[in-house]
Amino acid sequence: MVQPQSSAPSSRALTVGVLGAGTVGTQVIRLLTEQAEEFAARSGALLTVTGVAVRDVEAPRDPAVPRELLTDDATAVATGNDLVIELIGGIEPARTLILAAFKAGASVITGNKALIAAHGPELYAAAAAAGTDFYYEAAVAGAIPVVYALRESMAGDRVTSVLGIVNGTTNYILDEMSTKGLSFERALAAAQELGYAEADPTADVEGLDAAAKAAIIASLAFHTRVGLDDVTVEGIREITSQDIREAHASGCELKLLAIAQRCRPEAGAAEGISVRVHPALVPTDHPLASVHGAFNAVLVEAESAGRLMFYGQGAGGAPTASAVLSDVVAAAAHRVHGGQAPRESTYAALPILGPGAAVTRYQIQLLVDDAPGSLAAMAGVFADHAVSINSVRQSAYVSQEQAVVTIVTHPAPVSRLDAAVEGLGACERVLEVVSIRRVEGE
Ligand code: NDP
Ligand code: HSE
């Protein structure tokens, strides 16, 4: 009988420097210490943390972080180790420290989506020049292995779209509004109490955190450089309890989505990519509608694979540390056995479509004259602007003469939809354009 082979004791030793010992860094250090033998067996090298850079060396810390390793000399940590884990966040000094680490020959692991969305190409180039690895699984959707899936698992396929809930804070807020009827302000306060939202929640509620992740997703999915400035962004600050009630009345949930898709703004036009973050109606039977609380989910559609769904914890110390450590094992194994992380892939260089060219479905609610010919007049306006109607529902009677009509369109470019809405505003049968919402998910 064949016995399972025990892993050979690792003959190599690699040093690890950690930049930042906050929510994520603390858990990374704890797990690297507690599970040292397993990491050695998996990577082929004993991984020893030699330094932990923080801002305030004297601040109280979780006992998992050995006091004797703390230093405020981040440059020494970045330039004195085989593997450098950047968990400071933000642009500077993270960017300078990572570049210094590559220059010193280190492999770098980070969870810093803001930095990658702003300076990804520069970091990839520095890794290539150093001949070392650059990994960032934790930058998108925390514990969920989305970066690996797009960068490696989907390398044999042609991705057509990625639709995701990639910000836990905003999903928590919208979910509390939907399931408990809380106002935006109360839901945000609850998110802050639970530690999901920062004291300054701007990056989350304005959609900027999701936009950085959308840029990374789109770059990987479409082999095209996509930066933060290429993403059309709208956050959730303006969402009201009334918006949620209207979503429910339409059989939908309102979700903040990150969307990256191949599309043609017009038949015969060149293919481009649309990358955007905005609240959208999602039908309740769609898988993303049942993503509750601070959870994340990402739906990838590819030509051969079809639809793939990834779901899990998008934030938090231990879940994010799990993603960081998967990168640590891969980078360590490469240093022991050879091999490299995938390089930046930009060969497709697809054009990035502006906000007006994004193609999506819409739900438009109109207050109208409830009289013969009103529907025909409205349908005529949609036809004039080449926007195809998918469904029409007369949902509420305001009075004997007025009704609210809810129209859902087929996918149309924003520019055409805007023109149709302008036409509806001028149509005498339409008393008011009550709301316009994008609808995502078939
Ligand atoms: P925290 O704010 O909790 O921790 C940041 C750490 O960096 C602290 O230890 C801080 O030191 C240290 N630091 C800040 N500035 C400096 C500096 N100039 N020099 C040295 N050290 C510095 O951040 P998180 O752990 O939450 O996030 C880390 C990274 O992981 C970010 O890029 C974030 O986007 C990403 N990420 C976080 C997730 C999460 O759930 N928190 C999820 C996915 C990704 P001190 O302790 O002394 O203040
Ligand atoms: N602020 C982010 C969120 C943390 O709420 O999802 C993970 O990137």
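The rules we used
Residues numbered from 1 in each chain as written. Chains lettered and ligands numbered in written order. Predicted model: local features only at pLDDT ≥ 70, side-chain atom pairs only at ≥ 80, totals over all residues. Heavy atoms only, no water. Helix = DSSP H or I, 4+ residues; strand = E, 2+ residues; numbered from the N terminus. Salt bridge = Lys/Arg side-chain N within 4 Å of Asp/Glu carboxyl O. Buried < 20%, exposed > 50% of the residue type's maximum accessible area, 1.4 Å probe, protein only. pLDDT = per-residue confidence, 0-100. Contact = heavy atoms within 4.5 Å. Near = heavy atom within 4 Å. Polar contact = N/O pair within 3.5 Å; in protein donor to acceptor, adjacent residues only side chain to side chain. Areas by Shrake-Rupley, 256 points an atom, 1.4 Å probe, with all protein chains shown as cover. Nonpolar A, V, L, I, M, F, W, Y, C, P; charged D, E, K, R; others polar. Axes fitted to C-alpha atoms, helices over the stretch in contact; angles between N-to-C directions. Parallel < 35°, antiparallel > 145°, perpendicular 65-115°, else oblique. Left-handed = near helix turned anticlockwise from the far one by under 90°. Pairing = 2+ DSSP bridges.

Further remarks concern unusual backbone geometry. Apart from glycine, the bulk of residues carry a negative phi angle, and the bulk of peptide bonds sit in the trans form. The residue after Glu92, namely Pro93, is reached through a cis peptide bond having omega 10°. Tracing the backbone shows Pro93 in the loop between β4 (83–86) and α4 (94–103). The backbone of Ala141 shows a phi angle near 60°, a positive value even though the residue is not glycine. Summarising the element assignment, Ala141 is placed in the loop between β6 (134–135) and α6 (146–151). The phi angle at His223 is positive, at roughly 50°, despite the residue not being glycine.

Let us now look at the pattern of salt bridges. What the rule picks out here adds up to 17 salt bridges. For the salt bridge of Arg158 with Glu303, the shortest nitrogen-to-oxygen distance reads 2.6 Å. With a gap of 145 residues between them, Arg158 in the loop between α6 and β7 (159–165) and Glu303 in the loop between β11 (295–302) and β12 (306–313) connect regions that are remote in the sequence. Take Arg158: its relative accessible area is 34%, and that puts it in the partly exposed class. Connected through salt bridges with shared partners, the residues Arg158, Arg262, Glu271 and Glu303 form a single ionic network.

As a further point, take the confidence of the model for the chain. A residue-level look at the chain finds 97% of positions with pLDDT of 70 or above and a mean pLDDT of 93. Predicted confidence is poor over residues 1–7, with pLDDT under 50, and the contacts of this stretch with residues over four places away or in other chains come to one contact.

Before going further, it helps to examine the environment of Leu123. Of note, Leu123 is situated in helix α5 (residues 113–130). We classify Leu123 as buried; its relative accessible area is 0%. The sequence separation of Leu123 and Ala36 amounts to 87 residues, and the corresponding C-alpha distance is 29 Å. When near neighbours in sequence (up to four residues on either side) are disregarded, Leu123 contacts Ile98, Leu99, Phe102, Leu115 and Phe134.

The full set close to ligand 1 counts 21 residues, and Ala21, Val24, Asp56, Arg61 and Gly316 are the nearest of them. Side-chain polar atom of Arg61 to an oxygen atom of ligand 1: 2.8 Å apart, as the coordinates give it. Surface burial for ligand 1 is 76%, taken as the share of its 900 Å² of free accessible area covered by protein chains. Here the shell around ligand 1 is composed, by residue class, of nine nonpolar, eight polar and four charged.

Turning our eyes to something else, we now look at the site of ligand 2. If you check the shell around ligand 2, you find Lys113, Asn167, Gly168, Thr169, Asp204, Asp209, Lys213, Gly314 and Ala315 and nothing else. Here an oxygen atom of ligand 2 sits 3.4 Å away from a polar atom, N or O, in the side chain of Asn167. A distance of 2.9 Å is found between a nitrogen atom of ligand 2 and a side-chain nitrogen or oxygen belonging to Asp204. Burial of ligand 2 by the protein amounts to 84% of the accessible area it has alone, namely 250 Å². Counting residues per element, the ones that place at least two in the shell around ligand 2 are α7 (168–180) and α10 (208–222). Its residues placed into classes, the shell around ligand 2 shows one nonpolar, four polar and four charged.

Their axes nearest at 8 Å, the elements helix α13 (residues 374–384) and helix α14 (residues 414–426) cross at an angle of 150°. Classified by the interaxial angle, the pair formed by α13 and α14 is roughly antiparallel. Our pair here, α13 against α14, has a crossing hand that is right-handed. From α13, Met378, Val381 and Phe382 reach across to α14, where they touch Ala420, Gly423 and Leu424.

For any two helices packed against each other, the geometry comes down to the angle between their axes and how far apart the axes lie. Orientation of α4 relative to α5, taken along the N-to-C sense of each, is 15°, at an axis distance of 9 Å. With respect to α5, the element α4 is oriented roughly parallel. Judged by the sense of rotation from one axis to the other, the crossing of α4 with α5 is right-handed. Only Leu115, His119, Glu122, Leu123, Ala126, Ala127 and Ala130 of α5 make contact with α4, whose side of the interface consists of Ala94, Arg95, Ile98, Leu99 and Phe102. The residue makeup of the contact of α4 with α5, split by class, is nine nonpolar, one polar and two charged.

So, about the pairing of strand β13 (residues 359–369). Put simply, side chains in a regular strand alternate between the two faces of the sheet. Of all 11 residues in β13, 10 are buried, a share of seventy percent or more. Sheet analysis places β13 next to strand β16 (residues 412–413), joined by two bridges and oriented antiparallel. Among the inter-strand pairings, Thr360 is bridged to a residue of β16, identified as Ala412. As judged from the seven bridges shared by β13 and strand β15 (residues 402–409), these two strands associate in the antiparallel manner. Following the sheet pairing, Asp369 is matched in β15 by Gln402.

Okay, the side chain of Asp243 next. Relative to the elements of secondary structure, Asp243 occurs in helix α11 (residues 241–249). In this structure, Asp243 is in contact with Glu238, Leu254 and Arg437, ignoring residues within four places of it in sequence.

What follows deals with the sheet that holds β4. Backbone-to-backbone hydrogen bonds pair the strands of a sheet. The strands run either parallel or antiparallel. A sheet is described by the order of its strands in space; here six strands give the open sequence β3-β2-β1-β4-β5-β6, paired in parallel fashion. Edge positions in the sheet fall to β3 (70–71) and β6, since each has one partner strand and no second. Of the strand pairs in this sheet, strand β5 (residues 107–110) and β6 are connected by two bridges, and their pairing is parallel. Looking across to β6, one finds that Val108 is bridged to Phe134. Running over the sheet, α4 touches β1 (12–19), β4, β5 and β6 and is turned about 155° from β5.

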